[in-house]
There are 2 protein chains.
Amino acid sequence: MRARIYLPFILTLIYVFNAAAQTGHAPPVAPVAATRHNLMPVPASVRFNPGRLPVGKSFSVAVRGQADPRLQAGIDRMLRRIEGRTVMELPRGLAADAASATFVIESAGAGKAVPSVDEDESYTLEVSDRQAALKSATAVGALRGLETFLQLLDGDRDGYFIPSVHIQDRPRFPWRGLLIDVARHYQPMEVLKRNLDAMAAVKLNVLHWHLTEDQGFRIESKKFPRLHTMGSDGKFYTQDEAREIISYARERGIRVVPEFDMPGHATAWLVGHPELGSAPGPYTIERKAGIFEPALDPTREEVYKFLDVFLGEMAALFPDAYLHIGGDENEGKQWDRNARIQAFMKEKGIKDNHALQTYFNKRLLTILKRHGKIMMGWDEIFQPDLPQEVVIHSWRGPAALAEAAKKGYKGVLSAGYYIDLIFPTAQHYAVDPIPAGSTLTAAEAAHVLGGEATMWSEWVSAETIDSRIWPRTAAIAERLWSPRETTDVEDMYRRLDVVSVRLEELGLTHEKNQATLLRRLAGGRDIAPLQTLVSVIEPVKEYRRYRQRPQTMLSPLTGLIDAARPDAGAARRFNAAVEKLLSDAPRFDSHSHQVKTTLAEWMSAAPELEALIDGSPALHEARPLARDLAELGATGLEALSYMSRGVAPSAGWRDARLAALEQIAKPKAALEFPVIASVRQLVVAASEMSRLKQLTPAEWKEQVKTLAAPPAKQPGN
Amino acid sequence: MRARIYLPFILTLIYVFNAAAQTGHAPPVAPVAATRHNLMPVPASVRFNPGRLPVGKSFSVAVRGQADPRLQAGIDRMLRRIEGRTVMELPRGLAADAASATFVIESAGAGKAVPSVDEDESYTLEVSDRQAALKSATAVGALRGLETFLQLLDGDRDGYFIPSVHIQDRPRFPWRGLLIDVARHYQPMEVLKRNLDAMAAVKLNVLHWHLTEDQGFRIESKKFPRLHTMGSDGKFYTQDEAREIISYARERGIRVVPEFDMPGHATAWLVGHPELGSAPGPYTIERKAGIFEPALDPTREEVYKFLDVFLGEMAALFPDAYLHIGGDENEGKQWDRNARIQAFMKEKGIKDNHALQTYFNKRLLTILKRHGKIMMGWDEIFQPDLPQEVVIHSWRGPAALAEAAKKGYKGVLSAGYYIDLIFPTAQHYAVDPIPAGSTLTAAEAAHVLGGEATMWSEWVSAETIDSRIWPRTAAIAERLWSPRETTDVEDMYRRLDVVSVRLEELGLTHEKNQATLLRRLAGGRDIAPLQTLVSVIEPVKEYRRYRQRPQTMLSPLTGLIDAARPDAGAARRFNAAVEKLLSDAPRFDSHSHQVKTTLAEWMSAAPELEALIDGSPALHEARPLARDLAELGATGLEALSYMSRGVAPSAGWRDARLAALEQIAKPKAALEFPVIASVRQLVVAASEMSRLKQLTPAEWKEQVKTLAAPPAKQPGN
């Protein structure tokens with residue numbers, strides 16, 4: 001489900017608003033941490049004790065009971081990661097004597113041959129200053145525990161250690177996924193593999209593999225080879241490669257749910273098989289982003305025969321119990337124009353396109369059942385007479401999910417987890433599949449299986465995709481695994497910074513590729529000023545990039561917007577510092593050095609940026625941003641100067657500054673500064689110094705924030 | 001040939017000395033550049049003209065005459081790289097009309113089916129402000145020209161462009177290789193592929209694939225599967241993968257010469273086939289670095305039968321005309337102790353181990369001839385009655401090569417190109433396979449085929465290997481391609497910085513992985529102080545790492561030494577600035593701000609470094625380096641302070657500072673500061689201020705440098 005770019009985003013906005021409001025009300029309960037830790041997702045129960053287990057060169061692991069090869073491989077990977085972090089060579093192989101081993105692992109069973117939504121992922125981890133002990137019912141549970149163990153590894157002057165702790169852990173939801181759209185931009189095998197490693201590190205357990213789209217058909221079909229040979233520009237996964245991914249995922253306790261999107265989003269199918277379409281064709285692979293007309297013809301028996309063979313082939317290839325048929329965003333325009341389809345509808349009494357799609361889905365359901373698969377599809381497939389094993393994948397939100405759950409349908413939430421839209425992590429973190437105050441009974445709530453972050457790939461290449469997924473998806477993983485009360489945003493961001501670096505040890509490129517992209521843009525010159533700029537800009541949110549900087553699926557993804565990342569770290573730190581500064585009225589001492597240094601850095605980067613831009617035509621689009629950056633710095637410093645001198649600026653100054661900030665707030669090159677609100681606050685604070693005598697500091701700060709709030713935005717701006 | 005770590009390095013040092021002396025004498029001739037350019041290797045002939053060819057969104061390529069698929073693929077890769085740099089989407093496919101195309105390519109022939117040492121790689125490139133035209137005899141020549149074209153791409157306020165230029169180019173040597181040792185540390189397929197891309201970018205044309213060693217047997221043998229299954233820890237290339245690499249290389253005009261090292265360096269062979277050994281075994285995969293005893297038994301017919309089958313299999317797998325049999329560093333200790341081998345030698349009148357190895361080589365030669373291959377081996381295989389088609393691969397040096405050439409033998413130079421030894425690039429750059437003053441006749445000189453950089457892999461992982469190879473190997477590539485007179489070191493380093501960034505667009509990780517390694521070491525804390533440190537340290541040179549920081553092949557390669565790189569850039573810039581400062585006597589104004597800022601940075605980084613080190617046990621070994629860094633900074637600033645005040649320090653101060661610098665010069669954690677000589681010079685300069693009145697500034701500087709020269713080093717220190 002590619003979110004509906006032609007619909008207003010009212011539904012999405014409602015969630016975001018609700019979710020944010022909810023976070024605002026809920027006290028930031030830290031259900032676990034007496035000790036500050038770096039665990040993400042936070043376990044169901046954690047109790048730290050005094051003491052520590054040293055991790056030294058003799059660190060050894062023993063397995064009690066069954067030693068599933070998958071568990072052994074997981075232990076081996078853990079050892080290599082400990083070695084990588086500690087730069088110590090550890091003994092190879094398992095220790096024979098559990099009593100004297102540093103770490104004893106006991107998994108009662110190997111777990112299911114094919115990873116399942118019913119897999120028992122629970123574990124307990126008990127660390128004393130003598131030994132660590134991990135116990136689980138399945139190898140998958142043990143793998144989850146190994147990741148927790150790795151997250152506990154810490155060091156100080158005395159060496160590496162694991163703090164003494166007692167952890168009892170199990171996931172809140174059994175379905176915790178990441179959708180990767182490999183259709184709009186094909187992603188090489190190593191991208192999928194390193195993302196599976198990262199998923200395992202944060203205890204995600206479903207790779208939703210979005211394999212077909214208007215822009216590409218990415219899986220080899222031996223039955224209908226024209227599908228992938230003509231629909232993919234040669235960029236597809238062979239069946240051997242698909243098996244390799246499935247096996248790699250299984251090794252990490254991750255399911256692979258394939259999606260074959262139909263009847264819409266199907267242009268690439270029709271390039272090689274125009275006879276399946278609802279208009280005669282010919283068809284070419286779609287290069288643009290958006291919603292397109294081509295759709296399978298639901299009225300022709302040949303289409304079902306074709307799908308029966310194709311889905312049979314795919315059902316045999318993908319062992320997971322579920323198969324996703326998409327079903328989203330079919331607007332039926334081809335159907336409307338096809339006289340034969342119209343006649344068919346009239347004859348069968350099918351009243352509209354939605355009903356026709358329902359007819360199609362029912363036929364698909366029969367086919368999938370025959371091939372032993374449970375059907376899953378986006379919200380649109382939900383219909384009253386659907387059998388209850390069908391899973392609804394919701395882009396509409398928790399309310400739609402709850403409604404379905406009350407009727408006995410299972411569901412998975414993706415609304416609120418659209419990580420391609422560059423929203424702040426905090427916003428995703430606030431979205432709960434079963435929000436506090438839900439009226440679902442326990443039995444109904446059990447139908448809400450979990451959620452999936454969705455990495456739609458219109459604007460990501462192999463070089464940039466990690467930077468859109470990570471580290472943010474770790475926060476969604478926490479939402480889906482940890483107790484509902486785990487909602488402290490500041491602590492989430494603190495831990496996310498640690499997770500981010502640890503993901504790099506698995507080969508993830510979200511951190512390191514930014515400098516590479518900037519170096520390419522700078523053509524070998526010093527990138528420091530460019531780093532200053534990119535640290536405080538973010539790509540525009542939602543679907544604004546489509547309009548503000550049009551590109552096709554063939555365009556290079558190497559611009560400044562591609563180097564810029566969500567959750568610009570320096571911007572977040574600046575905003576926090578301004579908040580602290582304003583809270584320190586009337587002294588304005590707290591964090592003032594940090595705020596001034598940052599503002600001065602923006603000013604001084606600007607001339608160097610201009611020189612860089614001159615030499616790099618690819619950066620010409622960034623010229624207004626360089627000027628905006630200088631102006632933000634100058635404005636902030638002026639405001640601080642008024643404040644420190646206790647001199648009120650003129651109303652004219654304030655109005656001119658606020659007007660200038662409104663211009664700066666307009667995105668350029670589809671990039672925006674998430675620090676503008678803070679600079680506005682500084683301007684207003686300087687102008688409102690005189691009121692400090694009449695108000696308490698807290699009242700004053702509230703007033704400043706209210707006055708500094710920007711004029712209401714037009715929707716879809 | 002793993003250089004002989006137990007021999008003194010006298011031979012190597014002699015080259016280095018000669019080469020350096022030669023560079024010192026030769027005036028830095030810039031044979032081509034009226035205009036400063038970024039070409040590397042420098043073409044045989046370049047003439048820039050006024051004007052430029054704009055590169056815009058309508059950039060189009062046409063092919064005249066034959067359009068080899070390899071050339072078409074090369075054009076496609078070029079277009080994607082232009083897109084990546086310019087962030088412009090260019091038209092897909094070839095233009096139909098050559099007259100109006102931006103870039104017209106005409107290759108007379110496709111080139112050889114199997115890339116050959118006789119391949120014609122010449123091309124001409126003519127760029128006017130209307131069109132660029134590339135002409136070549138073969139597709140390979142055209143590929144070389146495309147890389148030149150990419151290196152010419154430049155930009156300014158008016159957009160992207162290619163300067164008007166006339167280039168006639170051909171390589172000086174036909175054999176320009178990179179040896180990658182995948183045996184000591186296995187390297188994944190993507191490492192090989194990205195390095196092949198990088199090789200093509202700097203016009204290297206031989207991947208020497210060092211596949212077998214004491215520490216690993218890395219190629220699948222279907223005839224003798226125990227070789228790879230028991231000798232590789234499961235880390236080997238399947239034959240399909242080998243074919244994939246060969247094809248990937250061929251696509252880029254690169255030959256693949258496999259090496260199967262024997263009779264020594266053969267432990268991993270013997271793990272699965274102890275019967276081939278000269279002692280009964282059993283054998284296990286070697287985990288240490290060094291020279292080991294296990295050797296094939298040259299006296300048993302079964303060994304030749306085995307090798308006949310194995311080499312027959314490999315000869316069929318690898319299409320290149322040459323096959324490398326190693327032949328190095330067999331000390332014959334197993335032979336000495338084997339009574340049967342001794343009896344065999346007596347019976348056949350074989351007088352020593354060298355003669356026995358000669359006997360072995362002759363047998364191998366017969367086998368290889370039967371399988372249609374030309375034998376290549378390290379210096380040791382050279383023997384008087386060798387047929388002249390055998391190629392000598394020299395770790396001894398140009399003199400040995402010249403001697404062989406005079407006798408009619410072909411040779412390839414690797415002495416001086418051991419990039420694993422972390423010497424400065426300038427040192428490799430100074431080594432010429434046929435140095436100026438060579439007495440070889442033209443016919444003899446033609447026997448010197450070229451050279452190979454050798455990436456021995458004792459201390460590199462997939463994460464760090466690029467940082468040892470690149471960008472330095474581009475300078476060796478230039479030595480092997482460009483006219484002998486291309487020797488300007490400063491300009492080489494300037495261009496190398498540009499090449500480095502451009503290699504990143506091919507996925508090379510030499511730049512970006514350093515920050516990743518530092519973040520891992522810092523455990524998520526700010527790495528800025530660590531970056532300051534690592535920017536002015538280098539791993540110890542030659543084989544000192546072996547002794548100073550012992551590790552095995554199983555040890556993690558994630559320490560500070562692995563993050564540190566050869567040619568530490570900040571150190572080079574600091575040294576150059578000190579040189580300029582001292583040349584500006586008696587004002588000492590030039591570059592003084594840069595020198596002071598750098599010194600102050602070292603001082604201020606130290607306390608933050610200490611804090612980082614406290615929290616990261618893996619960095620504990622760096623503690624003395626942090627202190628040294630602070631002391632270097634303080635010492636330099638003190639010296640500058642004396643100089644600027646015109647006050648002479650006491651002799652006691654000078655002696656104490658120089659003594660301290662001698663301590664700092666001792667490597668710690670196998671890392672060293674390549675800036676110590678410069679700081680010594682500052683100390684001496686401060687002490688010698690009074691002499692400035694008696695000497696010319698130039699005399700004074702020479703005196704300072706002489707006095708500042710460190711005490712003579714003990715060899716092998």
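Position numbers for residues start from 1 in each chain and track the written sequence from start to end. Both sets of labels track the order of writing: A upward for chains, 1 upward for ligands. pLDDT decides what is reported in this predicted model: residues at 70 or higher carry local features, side-chain atom pairs at 80 or more are listed and counted, and totals for whole chains, interfaces and linings draw on all residues regardless. Excluding hydrogens and water, the side-chain values take into account all heavy atoms of the structure.

1. Side note on the relation of the copies chain B and chain A
To line up the copies, we fit them by least squares on C-alpha atoms, keeping just the residues with pLDDT of at least 70 in both. If you rotate chain B by 180° and push it 0.0 Å along the axis, it lands on chain A with an RMSD of 0.0 Å. With respect to symmetry, the two chain copies, as superposed, fit the operation of a two-fold axis. Of the C-alpha atoms belonging to chain B, the one lying closest to the rotation axis is found on Lys512 of chain B, 2.8 Å away. Two residues form a contact once any of their heavy atoms are found within 4.5 Å. An overlap of 100% is found between the interface residues of chain B and their copies at the interface of chain A, pointing to a shared contact surface.

2. Some remarks on the packing of helix H16 (residues 473-481) of chain A against helix H17 (residues 489-504) of chain A
Residue and element names in this part refer to chain A. Axes, fitted as lines to C-alpha atoms, cover a helix only where it is in contact. Angles between the N-to-C directions of the axes lie from 0 to 180 degrees. Here a helix means four or more residues in a row that DSSP labels H or I, a strand means two or more in a row labelled E, and each is numbered from the N terminus. At a minimum axis distance of 10 Å, the contact between H16 and H17 shows a crossing angle of 120°. Viewed along their axes, H16 and H17 adopt a mutual orientation that is oblique. H16 and H17 meet at a crossing whose hand is right-handed. Residues Ala474, Ala475 and Glu478 of H16 touch H17, and the partners they reach there are Met492, Arg495, Leu496 and Val499. Taken together, the residues of the contact of H16 with H17 sort by class into five nonpolar, no polar and two charged. Note on terminology: angles under 35 degrees are roughly parallel, angles over 145 are roughly antiparallel, angles of 65 to 115 are roughly perpendicular, and the others are oblique. Here a crossing is taken to be left-handed if its near helix is turned anticlockwise relative to the far helix by less than a right angle, and right-handed if that turn runs clockwise. Residue polarity is assigned by list, with Asp, Glu, Lys and Arg as charged and Ala, Val, Leu, Ile, Met, Phe, Trp, Tyr, Cys and Pro as nonpolar; anything else, Gly included, falls into the polar class.

3. Details of the sheet that holds strand E16 (residues 410-413) of chain A
Two strands qualify as a pair provided DSSP detects at least 2 bridges between them. The strand order E8-E9-E12-E13-E14-E15-E16-E17 (chain A) describes a closed barrel built from eight strands, whose pairing is parallel. Each neighbouring strand pair of the sheet contributes to a mean axis angle of 25°, computed without reference to strand direction.

4. Observations concerning the nonpolar core
To qualify as a nonpolar core, a set must consist of buried Ala, Val, Leu, Ile, Met, Phe, Trp, Tyr and Cys residues joined through side-chain atoms within 4.5 Å. Think of it in three bands: with a 1.4 Å probe and only protein chains considered, a residue is buried below 20% of the maximum accessible area for its type, exposed above 50%, and partly exposed in between. One finds Phe260, Leu307 and Phe318 of chain A to be the most contacted residues of the largest nonpolar core, which totals 103 residues. Dropping the residues within four chain positions of it, Phe318 of chain A is found in contact with Trp209, Leu211, Ile219, Ala242, Ile246, Val256, Pro258, Phe260 and Lys373 of chain A. Core analysis: the second largest hydrophobic core is formed by 101 residues, Val271, Ile367, Leu440 and Val460 of chain B among them.

5. Quick word on helix H4 (residues 189-201) of chain A
All names here are of chain A. Any helix carries an expected span of 1.5 Å times its number of residues minus one. When the terminal C-alpha atoms of H4 are compared, their 19 Å separation across 13 residues agrees well with the 18 Å that a helix rising 1.5 Å per residue should span. Along H4, 12 of the 13 residues are buried, which leaves the element largely enclosed by surrounding structure. Of all the residues in H4, the buried ones are Met189, Val191, Leu192, Lys193, Arg194, Asn195, Leu196, Asp197, Ala198, Met199, Ala200 and Ala201. A positive phi of about 65° marks Lys203, the residue just after H4.

6. Considerations on the domain arrangement of chain A
Residues and elements named next belong to chain A. Each domain span listed reflects an automatic or database assignment of domains. Assigned domains within chain A: domain 1 (2-24 + 526-708), domain 2 (45-169) and domain 3 (175-485). With centres defined by C-alpha atoms, the gap from domain 1 to domain 3 works out at 37 Å. Contacts between the two partners involve 32 residues from domain 1, matched on the other side by 41 residues from domain 3. Simply put, the buried area is the total loss of 1.4 Å probe accessible area from both parts when two parts are fitted together. Buried surface at the junction of domain 1 and domain 3, both sides included, amounts to about 3,400 Å², of which 62% is carbon and sulfur. We define a polar contact as two N or O atoms separated by no more than 3.5 Å, with the added condition that, inside protein, one atom must be a possible hydrogen donor and the other a possible acceptor, whereas residues neighbouring each other in sequence contribute only through side-chain atom pairs. Counting across the interface, domain 1 meets domain 3 through eight residue pairs in polar contact (both at pLDDT 80 or more).

7. What to know about the environment of Arg494 of chain B
Residue and element names in this part refer to chain B. Secondary-structure assignment places Arg494 in helix H17 (residues 489-504). Sequence separation of Arg494 and His37 is 457 residues, and the distance between their C-alpha atoms is 9.9 Å. Setting aside residues no more than four positions away along its own chain, Arg494 makes contact with Arg36, His37 and Asn38. Of note is the side chain of Arg494, whose polar atom sits 2.7 Å from the backbone oxygen of His37.

8. Details of the packing of aromatic side chains
To pair, rings of Phe, Tyr and Trp, with the six-membered ring standing in for Trp, must have centres within 6.5 Å; the planes then decide the type, stacked if under 30 degrees apart, edge-to-face if over 60, and tilted in the middle. Taken as a whole and judged by the stated rule, the model has 46 aromatic pairs over all chains. A ring pair is formed by Trp269 of chain A and Phe310 of chain A, whose centres lie 5.4 Å apart and whose planes are at 65°; its orientation type is edge-to-face. One end of the pair, Trp269 of chain A, is in helix H7 (residues 267-272); the other, Phe310 of chain A, is in helix H8 (residues 301-317), with 41 residues separating them in the sequence. Using a relative accessible area of 0% as the deciding quantity, one classes Phe310 of chain A as buried. Aromatic side chains Trp459 of chain B and Tyr546 of chain B sit 5.4 Å apart centroid to centroid with 80° between the ring planes, which places their arrangement in the edge-to-face category. Of this pair, Trp459 of chain B sits in the loop between strand E17 (448-455) and helix H15 (465-469) while Tyr546 of chain B is found in helix H20 (residues 544-548), placing the two residues 87 residues apart along the sequence. Assigned by exposure class, Trp459 of chain B and Tyr546 of chain B land together as buried.

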